Amino acid sequence: MHLPSRRAGVRLTLLYGALLVASGAVLLALTYLLVLRFPADRVLVDGVGAGTDVSGGRSGGGLPGVRPTAGSGDVFALLQEQAVRQHADQLRQLLMQSGVALAVMLVVSALLGRLVARRVLRPLRAMTGTVRHISAHTLHERLAVAGPADELKELADTVDGLLGRLEGALDSHRRFVADAANALRAPLTQEHRLLRETLVDRDATAETFRANSERLLEISERQAHLLESLLALAGSHRGLVHREELDLAPLTESALHVARPDSERLGLKVAAAVGPAPVTGDPALVQRLASCLVDNAVGHNRPGGRVEISTAVRGGHAVLSVANTGDRVAPEQVNRLFEPFRSPGRTAADGHPGLGLAIVHAIALAHDAVISVRARPDGGLAVEVAFPARTGDPREGAEDIGQLDKRTGLH
């Protein structure tokens, strides 16, 4: 676990050291070039002003304001030669001293680079240790880094957000596992009780065995329905593997046809305004979504109630709207309906464990659809799922849920 941070520290040390050495080398090179460009034949002579250019030996004309004397040309030539040798010696000394200074700078740069690297990586090491402690013990803690809004604080806030989402996902997973276990345990307990009664009862007749077998078959079908719903929910969370062009209208009509016996048994009045609503998605998942919405509207209804279903293209979205009468749902409980096993009035014992809206929510997310649910004042729910419509289909369809309520009398 410490190896990546050490490698980062070495890389930063080398980087900072190289930058410091390079800067020192450039500075020494500029100094050397400036000294090299300084004229080598500039000499100072007694009686001549400081900085006077003595070049009588080259021009033969002497200096302004200075009268040349006999033998002064030889003296000037010697002085110029001495100045050139002195300048070259100074350049050699400067080069040697620059090399020594650069070597010292290399050591100092390595030490400073190491200190700066450790200083820079110290907050990251602290965050790494805290995250390791949180992942090993509890997800309730957070980094909670204080200080200026720099890149490190932004990274810490991002990690805190990730930890929060991870904690929520794990809590949801634990609740789901516990609820699924309870939902599966109830029918298993009933099966065990029926089998035990059949074995213990020595006076059991063929009719008794037949009745118990029918009850066991019914319980088995409920378990199969529950397992199918759990598999559908798990498959919806995996995302889309297959996409194709489809229409919500025929899928909704198929779901209505399947639910017709239950709606007739309850005496429900079903009003359907099914118009073209082309989308792109997985046909099996979208069919499951429509079936769950219809099943929820029929199953959570009252005898003689109403169900209103429509599909249409509205505002650039293919919209599937379902409204029904039924028991009242508190507005604060609406969002909980999307959680598995949270549908009110449904239990695994009656074959409806409350996974319908959870499956609808997962399928909608997989298709980038927007789902909205609101509770009716007089009971029931109004659900609307808006899919991204296929391009090139600007058709408009039926009214929204509020307009449908006015037309059908659902309030």
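The following paragraphs examine the structure supplied in this document. (Residues numbered from 1 in each chain as written. Predicted model: local features only at pLDDT ≥ 70, side-chain atom pairs only at ≥ 80, totals over all residues. Heavy atoms only, no water.)

1. Quick look at the overall build of the chain
Heads up, the condition is: The numbering of helices and of strands both runs from the N terminus, where a helix is a DSSP run of H or I of at least 4 residues and a strand a run of E of at least 2. Every residue pair with non-hydrogen atoms within 4.5 Å of one another is taken to be in contact. Here, Shrake-Rupley sampling with a 1.4 Å probe gives the accessible areas, and only protein chains in the shown set may cover a residue.
When helices and strands are tallied, the chain shows nine helices and seven strands. Pairs at least 24 residues apart make up 73% of the contacts formed inside the chain by residues separated by at least 6 positions. Counting every atom, the chain has about 24,700 Å² of accessible surface; 59% of that belongs to carbon and sulfur.

2. Things to note about the pairing of strand 6 (residues 370-375)
Strand residues, when the strand is regular, have side chains that alternate between the two faces of the sheet. Stated precisely, the cut-off is as follows: Note on pairing: DSSP must find at least two bridges between two strands before they are called paired.
Relative to strand 7 (residues 381-388), strand 6 runs antiparallel, the two being bridged by six bridges. Paired with Val373 across the two strands is Val383, which belongs to strand 7.

3. Description of the sheet that holds strand 4 (residues 306-314)
Stated formally: Comment: axis = line fitted to C-alpha atoms, over the contacting stretch for helices; angle = value between 0 and 180 degrees taken between N-to-C directions.
Pairing is mixed in the open sheet, where five strands are placed in the order 2-4-5-7-6. Of all the strands in the sheet, the pair left with one neighbour each is strand 2 (269-274) and strand 6. Neighbour to neighbour, the strand axes of the sheet diverge by 10 degrees on average, direction disregarded.

4. Considering the pattern of salt bridges
Threshold: Salt bridge, as used here: a side-chain nitrogen of Lys or Arg that lies within 4 Å of a carboxyl oxygen of Asp or Glu.
Enumeration over the complete set of coordinates arrives at eight salt bridges. For the salt bridge of Arg92 with Asp89, the shortest nitrogen-to-oxygen distance reads 3.4 Å. In this pair, Arg92 and Asp89 both sit in helix 3 (residues 72-136), three residues apart, roughly one turn of the helix. Ionic pairing is found between Arg193 and Glu197, a salt bridge with its closest N-O pair at 3.3 Å. Taken together, the residues Arg193 and Glu197, both in helix 4 (residues 151-200) and four residues apart, mark about one turn of the helix.

5. Some thoughts on the nonpolar core
Formally: Residues belong to a common nonpolar core when they are buried Ala, Val, Leu, Ile, Met, Phe, Trp, Tyr or Cys residues joined through side-chain atoms within 4.5 Å. Remark: exposure states derive from per-residue accessible area (1.4 Å probe, protein chains only) relative to the maximum for the residue type, with buried under 20%, exposed over 50%, and partly exposed in between.
Residues Leu248, Leu289, Leu293, Leu320, Ile371, Val385 and Phe387 are the most contacted members of the largest nonpolar core, which totals 42 residues. Of all the elements in the fold, those that place two or more residues in this core are helix 5 (206-237), helix 6 (248-265), helix 7 (283-299), strand 4, strand 5 (317-324), helix 8 (356-366), strand 6 and strand 7. In this structure, Leu320 is in contact with Leu248, Thr252, Leu289, Ala290, Leu293, Ile309, Ser310, Thr311, Val383, Glu384 and Val385, ignoring residues within four places of it in sequence.

6. What about a nonpolar patch on the surface?
Inclusion rule: Exposure above 30% relative accessible area and the absence of a salt bridge qualify a residue for a patch, where like charges join within 9 Å and nonpolar side chains (Val, Leu, Ile, Met, Phe, Trp, Tyr) within 5 Å.
A surface patch of nonpolar side chains, amounting to about 560 Å² of accessible area, comprises Leu20, Val100, Val104, Met105, Val108, Leu112 and Leu115. Ranked by residues supplied to the nonpolar patch, first place goes to helix 3 with six residues. You can see Leu115 is positioned in helix 3. On the basis of relative accessibility, which here comes to 55%, the residue Leu115 falls in the exposed class.

7. Points about unusual backbone geometry
One non-glycine residue with positive phi stands out, namely Asp368, at about 60 degrees. Looking at the secondary structure, you find Asp368 in the loop between helix 8 and strand 6.

8. Looking at the side chain of Ser263
Among the secondary structure elements, Ser263 is positioned in helix 6. Residue classification places Ser263 among the buried residues on the basis of a relative accessible area of 8%.

9. A look at helix 8
Of all eleven residues making up helix 8, eight are buried, and the element is well covered by its neighbours. Turning to helix 8, its buried residues are Leu357, Ala358, Ile359, Val360, Ala362, Ile363, Ala364 and Ala366. Two residues or fewer after helix 8 comes Asp368, characterised by a positive phi angle close to 60 degrees.

10. Digging into the packing of helix 7 against helix 8
This is how the line gets drawn: Definitions for this section: a left-handed crossing has its near helix turned counterclockwise from the far helix by less than a right angle. A right-handed crossing has that turn clockwise. For this classification, Asp, Glu, Lys and Arg are treated as charged, while Ala, Val, Leu, Ile, Met, Phe, Trp, Tyr, Cys and Pro are nonpolar and the rest, including Gly, are polar.
Helix 8 packs onto helix 7 with a crossing angle of 145 degrees between their chain directions and a minimal axis gap of 9 Å. Helix 8 is crossed by helix 7, and the crossing has left-handed handedness. On helix 8, the residues that touch Leu285, Val286, Arg288, Leu289, Cys292, Leu293 and Asn296 of helix 7 are Gly356, Leu357, Ile359, Val360, Ile363 and Ala364. Here the residues of the contact of helix 7 with helix 8 sort into ten nonpolar, two polar and one charged.

11. Topic: a positive patch on the surface
Note the following rule: Charge counting follows a simple rule: Lys and Arg are positive, Asp and Glu are negative, and His as well as the terminal groups are ignored. A single reference atom marks each charge: NZ on Lys, CZ on Arg, CG on Asp, CD on Glu.
Together, Arg114, Arg118, Arg119, Arg122 and Arg125 give the surface a local cluster of positive charge. Tracing the sequence through the fold places Arg119 in helix 3. With a relative accessible area of 57%, Arg119 lands in the exposed category.

Geometric values such as these leave the question of function open.
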